[in-house]
Amino acid sequence: MISLWHFLGVGAILFGLGLVGFLTRRNLITMFLSAEMMLQGVVINLLAFGSHHGSLGGQAFGLFIVTVAACEAGLALALFLMLYKRGRSLDSGDWQTVREVGVPPAVDTVPLPAPPPDDHPTLPVPGRLPEQAEVRFQEVTRA
Amino acid sequence: MPPALANPLTQLVLAAALGVAGVYLLLPKPRVRWVAGGVALVIAAAAVFGVFLFERYGQPVLSVNGDKTNVVGSVLFWLFAAGAVGFGCVLVTQRNPARGAIAFAFVILSTCGLFLLLAAPFLMAATVIIYAGAIIVTFLFVLMLSHVKGPSDENDRTREPLLGSLAGFGFVGLMLFTLHASSPPMALAKDAGPQYPLPAPPLTADDRQLLDRALGHCEEAIQATTWEEFRNHAIQANGFLHAFFTAADRLPVEDRLKATAADPRVAAFLEKHESLRSSSGMPLLSLLGNPTNETEARAAVKALRDELYVYRGNGRLPARNVANLGFLLYSEHLLAVEMAGTLLLVATVGAVAIARRKEVGQ
Amino acid sequence: MPDLSTPIGLSLIVVALPLVGCLLAALCHVGRAVKLAHLPVIVSFASAAAIACYVLYAVSGQSGDLIQTASLGTWFSSGRLSVPLAFQLDPLSAVMLAMVTFIATFIAIFSASYMHGEAGYARYFAFIALFVFAMCLLVTANNFFVLVAGWEGVGLCSYLLVGYYYAKPSAAAAARKAFLVTRLGDVGLILGIFLLWKAGGYQTNIDAVIRHIAEHPPGDGYMTAACLLLFCGAVGKSAQLPLYVWLPDAMEGPTPVSALIHAATMVTAGVYLLARTAPLFVMSPTAQVVVTIIGGATAVLAAFIALAQYDLKRVLAYSTVSQLGFMFMALGCGAAISPTIAVTAALFHLLTHAFFKALLFLGSGSVMHAMGNVIDMRKFGGLRKLMPTTHWTFLIGSLALAGFPLLSGFWSKDRILHALSEAGYSRSEFHYLYQAVFYTACLTALLTAFYTFRAYFLTFWGEERVPPEAHGHAHESPRTMTIPLVVLAVGAVFVGIIADPLTHWFDHLLERAPVLHQANEAFTKTTNLKVGEHHFDWGVAGLSTLIAVAGIGAAAAVYRRGGPERVPGPLRGIFALSANKAYVDEIYGATVVLPAETAATGGRQLDGFLDALARLVSFVPRFAAAVLRPLQNGLVQFYALGMVLGLAVFITVVVFRSVR
């Protein structure tokens, strides 16, 4: 039998996972989606309690949360676009200039892994080119 | 199972610790990232959590009092819950944000299923439309606009992975433990037939009927205009309440409760039960004897009604969800609706202003 | 708005004209027409003077009650207090208005050439016009608020004009001194006004207050305090002991400004104030005798200091202080003989003094102009051939100041001496004090005649000497400067004929002033004496003549051959005392300035100590900030982590406390 407790548990786990995502991930969009997931956990909580008490108040509350989340999404989108145009990056760590004077910036020391090798198909060399043609080809490629 | 692991707190802590380790391994990092191990650990955490559920709240029941529909409900719940949590894990740990967005869409769909189980079809529809339909799509647009090739800081690095997962899972464990601590004792739930590990007491259909009738008379007594009418309904309500408490199947529950009174949670529960019981007895009747006590009697009936609502617990939501929700929103929450609308408008204007200013600035 | 064809309406025009002139001159400054700045001022002064003379004529021809009032609406109101912008015209105001505008006109004409080419020409004329406007406001004020407005306006303008050469440190210091010292007196004035306001039934109108106090006398002590506080203001403004020190320093301003301050606009304000409030002073014989004593002491001290000054303008400045002392001596006789006699004598002397002192200052300005801004009498001499007009007019002014018979100064000084001698033989309880003051006055008159002619002989007699600063073209001043000298000289000779014993116009005019009526009533009420009548006294006149001639003769005997100074041995000490201004500035420096400075230094040390304490306290948050600052690393997620951890701790505590 599914009880109130089960729904509350699911809500709590969703909330916690979203929290982990928000705290650790650095892509602004992923952070935002994690925050939305936290909101979903809260909405589940509200609906479960509403259902338990036989009240529609929980659902009304859930609707308001969805509304606010929509506002948040619109604003966040506009802000992300602007930030991306300024810094060409969606890294939240790029915007740490608001720190106190004299505090050193957090710099990543561990190098990123090398990009995966380009696995586009390559064509074999079809054969030797004549001398002149090769020169012209080189010129063309150089230009 | 070793006795040490039988403690719910230990189980929860273990589940959270395994979850932390798994998510830590799964989170994108330049160095320590082991997907297979992480997945295994997360599954292990889920398993420990399952043990906790099984130990505390019993095995999944396939039929309750011969009601087969609950089976479908249970299966759907576990399906949707697992989907939500699993895709949530994917969203948090996925390196590619586009895939993360798709995972988020699945999280939304799963939670929408849960909404349906909670009798909220309108909210389900609204959430699907808004999140899966609008937000995810626009975010995918942004992702396409800011497409990054190869490894990048934002996708392949995390900020404080260990500390962040510790905080998150610690928080979850804390909440689950809190829920567990506030739910009624297993000693009560285990032998009482249907499992109701909830703050409300286990009620049979007959109990519920008795309580509902008592409540109905309470409401009518409160609505009553004359003393006679009021008195009549109040006496009837009292009668049903008395019947509820004197029913034969209540007594063993009380005895069990008294037997475990050493547990403070049981004591609290018992206290509540007793207070309700005492209010069904002589005090109200003595008040009803004299019309001069009308105000006090009415107050007592009101208090009784409120107590009963809390005690009865799980109610039934109306079947016409959209119509009733609309009525509620446009009657009780009208101001809030207007505020929400204004907020949306302001947010729209703000979003446009922010996006435009950037263009002018360049 | 009153009818502008009536005398009071015309007097409003007189008040307004200098303001218009001021604004036009200021516009000249803004509009780059600086060289024309004198025109609006001279024209407005001249027309104001003409109108004021007509007003005086009209007032003297009127019969009955001679007070007229006009209100230009409410100035401000607060609660039950409503202050109208009200003016009044009575013989006192009319005389003052005519005198101020007449003298100011010629000073303005003189300034036009004297100040020619100076930087801030337009500023100078704007200030002069504002100065005259403030003085006119003061003498026509109907209530205490307008009076104080004019009073403070006069003080402000004197500050601005004394500090005209503000780039010069001494000028800036002198301006500051003038402003601050008169402010000391102003405090007294304001307090006195508050006392009168309380005693006068909380009215602001001066006449109403006087009438109310006459009907409900508040008691001797109260009246004495109020009168002495008022007198404090007069002491500051009219440069009496102990606040006279600013006036000699005010020489730092341009010479015509000195003429204006000394003759017409500034220092006469105090005398006017005491004349205006004569009915109150009559009720307090103690205050009256204090006024007389202060006047006498000032007069003799200033005359003594003037004996040995080398700066021509400084001699004249001390003579002004001394002459103002004479006026206060006269004003102080009111309670002993008759307010009418006292006020008439003081105002008469004020009038004649305005003429000859303006003349003398303009004359010294003329000398200064010719000598290349040198005013030290040791550096020039024998100028009578070089500057004949200046010489003759200066001689006339000196004779008038010395009280030579038949000149205006003689008549007015005679009136004062006569009033003092009368007071000395009156039945007043202070008659012996008045006697002492009378002898002081005689001594002062002797000193006056001596130092005036010392200055005159040192400047114009003896061997002709011209300082090198004149660059060899020392010459008589241009016509625009000599004409005012001549006009004022004629005035200095003949203005004495308006009053007793030659004609009675002035006496009859003032006798009908309602203020003096009230004063006389109060006098008869308090002393049960009949109001005395002025009559010419041959004895006093003879004594006065003798003193003047003796002083002039002594000066001639010593300085006839001009400079340099020859001091006989036994008198050297006294001479040094006089030359060092009786060390008054030094005494003030030691007794007032030094303690104040010490207190200020101590205060600064204390401030530094408190500062250090405050810094010590501020170190606590600084330290906390140094510890906490690294937490503000600009990473949003770090902050969120902090929030979550904090919340987790909080929930843990709450949950486990409720469970256990």
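Residues numbered from 1 in each chain as written. Chains lettered and ligands numbered in written order. Predicted model: local features only at pLDDT ≥ 70, side-chain atom pairs only at ≥ 80, totals over all residues. Heavy atoms only, no water.

Draft legend 1. Region of interest: the packing of aromatic side chains. Per the stated rule, a full pass over the model turns up 34 aromatic pairs over all chains. When the ring of Phe32 of chain A is compared with that of Phe80 of chain A, the centres are 6.3 Å apart and the planes differ by 85 degrees; the resulting orientation is edge-to-face. Of this pair, Phe32 of chain A sits in helix α2 (residues 28-53) while Phe80 of chain A sits in helix α3 (residues 57-87), placing them 48 residues apart in sequence. The exposure class assigned to Phe32 of chain A is buried, which follows from its relative accessible area of 6%. What makes Phe80 of chain A buried here is its relative accessible area of 9%. Judged by centre distance (5.8 Å) and plane angle (70 degrees), the rings of Phe457 of chain C and Trp461 of chain C are edge-to-face. Accessibility expressed as a relative area gives 8% for Phe457 of chain C, which makes it buried. (Phe/Tyr/Trp six-rings, centres within 6.5 Å; stacked < 30°, edge-to-face > 60°. Helix = DSSP H or I, 4+ residues; strand = E, 2+ residues; numbered from the N terminus. Buried < 20%, exposed > 50% of the residue type's maximum accessible area, 1.4 Å probe, protein only.)

Draft legend 2. Region of interest: the interface of chain C and chain A. Each partner contributes to the interface: chain C provides 10 residues, whereas chain A provides 17 residues. Around 1000 Å² of area is buried between chain C and chain A when both sides are counted, 69% of it from carbon and sulfur atoms. Of all residues in chain C, the largest losses of buried area upon contact with chain A belong to Arg629, Leu635 and Gln637 of chain C, amounting jointly to 45% of the total for that side. Where chain C packs against chain A, one counts one salt bridge. Across the pair Glu100 of chain A and Arg629 of chain C runs a salt bridge whose closest N-O atoms are separated by 3.5 Å. (Contact = heavy atoms within 4.5 Å. Buried area = accessible area lost by both parts, 1.4 Å probe. Salt bridge = Lys/Arg side-chain N within 4 Å of Asp/Glu carboxyl O.)

Draft legend 3. Quick look at the interface of chain B and chain A. Between chain B and chain A, the residue contacts involve 104 residues of the former and 80 residues of the latter. Interface area for chain B against chain A, summed over the two sides, is near 8000 Å², with a carbon-plus-sulfur share of 78%. There are one salt bridge connecting chain B and chain A. In this structure, the salt-bridge partner of Asp108 of chain A is Arg157 of chain B, at a minimum N-O distance of 3.7 Å. At the boundary of chain B with chain A, the tally comes to 10 residue pairs in polar contact (both at pLDDT 80 or more). Counting residues per element, the ones that place at least two in the side of chain B that touches chain A are α2 (35-57), α3 (69-93), α4 (97-117), α5 (121-145), α6 (153-156), α7 (161-182), α15 (321-331) and α16 (334-361) of chain B. Classifying every residue of the side of chain B that touches chain A by side-chain character gives 66 nonpolar, 28 polar and 10 charged. (Polar contact = N/O pair within 3.5 Å; in protein donor to acceptor, adjacent residues only side chain to side chain. Nonpolar A, V, L, I, M, F, W, Y, C, P; charged D, E, K, R; others polar.)

Draft legend 4. Representation of the packing of helix α10 (residues 255-265) of chain C against helix α15 (residues 339-370) of chain C in the model. All names here are of chain C. At a minimum axis separation of 9 Å, α10 and α15 run at an interaxial angle of 170 degrees. Accordingly, the angle class assigned to the pair α10 and α15 is roughly antiparallel. In the crossing of α10 with α15, the sense of the turn from one axis to the other is right-handed. Two secondary-structure elements touch here, α10 through Thr255, Pro256, Ser258, Ala259, His262 and Ala263 and α15 through His353, Ala354, Lys357, Ala358, Phe361, Leu362, Ser364, Gly365 and Met368. In the contact of α10 with α15, the residues fall into eight nonpolar, six polar and one charged. (Axes fitted to C-alpha atoms, helices over the stretch in contact; angles between N-to-C directions. Parallel < 35°, antiparallel > 145°, perpendicular 65-115°, else oblique. Left-handed = near helix turned anticlockwise from the far one by under 90°.)

Draft legend 5. Spotlight on the pattern of salt bridges. Across all of its chains, the model carries 16 salt bridges over all chains by this definition. A salt bridge links Arg26 of chain A to Asp91 of chain A, with the nearest nitrogen and oxygen atoms 2.8 Å apart. One end of the pair, Arg26 of chain A, is in the loop between α1 (4-24) and α2; the other, Asp91 of chain A, is in the loop between α3 and α4 (131-142), with 65 residues separating them in the sequence. One salt bridge in this structure joins Arg378 of chain C and Asp376 of chain C, with 3.0 Å as the shortest N-O distance. Judged by its relative accessible area of 18%, Asp376 of chain C falls in the buried class. Among the charged side chains, a network of salt bridges with common partners joins Arg26, Asp91 and Asp108 of chain A together with Asp153 and Arg157 of chain B.

Draft legend 6. Molecular detail of unusual backbone geometry. A cis amide bond, omega 5 degrees, links Leu241 of chain C with the succeeding residue Pro242 of chain C. Relative to the assigned elements, Pro242 of chain C resides in the loop between α8 (220-237) and α9 (246-249). Of note in this structure, Glu160 of chain B is not a glycine but carries a positive phi near 50 degrees. Within the fold, Glu160 of chain B resides in the loop between α6 and α7.

Draft legend 7. Examining the packing of helix α4 (residues 121-140) of chain C against α10 of chain C more closely. Residues and elements named next belong to chain C. Remark: α4 packs on α10, axes separated minimally by 12 Å, with the N-to-C direction vectors making an angle of 5 degrees. The angle between α4 and α10 places the two elements in the roughly parallel class. In this structure, α4 uses Tyr124, Ile128, Phe131, Val132 and Met135 to contact α10, whose residues at the interface are Pro256, Val257, Leu260, Ile261, Ala264 and Thr265. Partitioning the contact of α4 with α10 into residue classes produces 10 nonpolar, one polar and no charged.

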